[in-house]
Amino acid sequence: MRILIVEDERLISDAIAAYIAREKYEPVCAYDGEQALEIWDAESGNFDLIVLDLMLPKISGQEICRRIRETNSTVPIIMLTARSGESDVVEGLDSGANDYVTKPFSPRVLMARIRAQLRMQNSGSVRKNFTSTTCCDGRVEIDSERVEIRKDGAPVQVTKSEFLIFSTLASRPIRTWSREEIIRSALGDDYEGFDRTVDTYIKNLRKKLAEPGHENGWISTVHGFGYRLDS
Ligand code: CA
């Protein structure tokens, strides 16, 4: 497994490379945007994953993402974002990244996310239209193709509505969704249940995903407004 690390801060880059090497993957480092694209071209995109900082000299991480996706590559891209700002994350994901980690990050979390992406890639569940995403520290996978949620690789039994609601929350992990938005986005305009029906679905999802330390199943209640997926 070859992993391209694009990060201009040497200390961070070295630390990531060391962790990657420890997992017996091969790290290749680029220290600015231009170099990243040069390496990508020179190696004909022969990488299994990219760890991509957004704030880079010369060419931004978002632009690199876009250019790599223009080559029709489905290589998993995990962005590193310095700010926890929503717009950074949204722009990064919109430009074609699969997942993101906010700096400062724990190397263990980054490695878990890398493993999750590689696992999905190997299981063939990642197609060109990215039907699979991860959330919850890389431990929960949402597979739209199989309509399946997996925690630590094991399927979690959910109903179709629960699946759609969880997918909606995970589509923008740090965003808070009102009950009405969840219904409209997950279940459609012609859904005839009450707003509070969402609470029941959320309660069920929490029960199915909860574990010590994550008693709420990674779904936070935002009082007076709605719900948010813990990223
Ligand atoms: Ca940077």
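Quantities reported herein were computed from a predicted structural model and do not represent experimental measurements.

What counts, and at which threshold
Residues numbered from 1 in each chain as written. Predicted model: local features only at pLDDT ≥ 70, side-chain atom pairs only at ≥ 80, totals over all residues. Heavy atoms only, no water. Helix = DSSP H or I, 4+ residues; strand = E, 2+ residues; numbered from the N terminus. Rg over C-alpha atoms; globule rule 2.2 N^0.38 Å. Buried < 20%, exposed > 50% of the residue type's maximum accessible area, 1.4 Å probe, protein only. Contact = heavy atoms within 4.5 Å. Areas by Shrake-Rupley, 256 points an atom, 1.4 Å probe, with all protein chains shown as cover. Lys, Arg positive; Asp, Glu negative; His and termini not counted. Charge placed at Lys NZ, Arg CZ, Asp CG, Glu CD. Pairing = 2+ DSSP bridges. Axes fitted to C-alpha atoms, helices over the stretch in contact; angles between N-to-C directions.

## Here's the deal with the overall build of the protein
Scanning the protein from terminus to terminus reveals 8 helices and 12 strands. Here the protein has a C-alpha radius of gyration of 18 Å; the compact-globule value for 231 residues is 17 Å, and the two agree. Expressed along its principal axes, the backbone C-alpha trace of the protein runs to roughly 55 × 30 × 30 Å. Counting across all 231 residues of the protein, residues that qualify as buried make up 50%. Put simply, 55% of the contacts in the protein that link residues at least 6 apart link residues at least 24 apart. Element-wise, carbon and sulfur atoms account for 48% of the exposed surface of the protein, whose accessible area totals about 11,100 Å². Side chains of the protein give 31 positive and 37 negative charges; the mean places of these two sets differ by 5 Å.

## A few points about the sheet that holds strand E10 (residues 176–178)
Strand order in this open sheet of 3 strands is E10-E12-E11, and the pairing throughout is antiparallel. The open sheet has two free edges, formed respectively by E10 and strand E11 (219–222), since each of these has just one partner strand. Within this sheet the neighbouring strands show an average axis-to-axis angle of 30°, counted without direction. Examined bridge by bridge, E10 and strand E12 (residues 226–229) share 3 bridges and lie antiparallel to one another. Pairing of tryptophan 177 across the sheet is with tyrosine 227, part of E12.

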